[in-house]
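# Geometric and topological summary
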Amino acid sequence: MPSNRRYSLRELSPKDYSLYRVICMELESLGHEILIEGTLGTDLTALSTAMQDRRLLVEWLRQLMFPPAALYNDCGITEEVEELLLREAE
């Protein structure tokens, strides 16, 4: 498999799919936390930490060549949003 091609959901082993699912659920949870903290603005440290964790999980998805989180759930991060998040980290 070429290094720039990501696995499809069908190609993931049961073990990999479990890890993928956990990462996607955590990305969804972090998305909600970022929305709430960004709206309330009460804890900038929590907001910053959630944003950093989200970027790290997106990097991990890519390193493992797992599909974008958008393939797991409707509100998941698309490949285009991944690009934006990773570009912001540079």
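First, a word on what this report is: a plain description of the structure on this page. Not measured: the values here are computed from a predicted model.

## Some details on unusual backbone geometry
Even without a glycine there, the phi angle at M65 is positive, about 60 degrees. With respect to the helices and strands, the residue M65 is situated in the loop between helix 2 (44-63) and helix 3 (79-89). Taking the relative accessible area as the measure of exposure, M65 reaches 16% and is therefore buried.

## A few points about helix 1 (residues 14-40)
Its 27 residues place the ends of helix 1 39 Å apart at the C-alpha level, agreeing with the 39 Å of an ideal helix rising 1.5 Å per residue. Among the residues making up helix 1, those that are buried are Y20, I23, C24, L27, L30, I34 and E37. Elements in contact with the buried residues of helix 1: helix 2.

## Quick notes on the pattern of salt bridges
When their charged atoms lie close together, side chains carrying opposite charge are able to pair. Applying the stated criterion across every chain, the model contains five salt bridges. Here E11 ties to R5 by a salt bridge, and the two come within 3.0 Å at their closest N and O atoms. Judged by relative accessible area, which is 38%, E11 ranks as partly exposed. Of the charged contacts, one joins R6 and E79 as a salt bridge, the two residues approaching to 3.8 Å between their closest N and O atoms. Taken together, the residues R6 in the segment before helix 1 and E79 in helix 3 connect sequence positions 73 residues apart. Residue classification places E79 among the partly exposed residues on the basis of a relative accessible area of 39%.

Cut-off values and rules
Residues numbered from 1 in each chain as written. Predicted model: local features only at pLDDT ≥ 70, side-chain atom pairs only at ≥ 80, totals over all residues. Heavy atoms only, no water. Helix = DSSP H or I, 4+ residues; strand = E, 2+ residues; numbered from the N terminus. Buried < 20%, exposed > 50% of the residue type's maximum accessible area, 1.4 Å probe, protein only. Expected span 1.5 Å × (residues − 1). Contact = heavy atoms within 4.5 Å. Salt bridge = Lys/Arg side-chain N within 4 Å of Asp/Glu carboxyl O.

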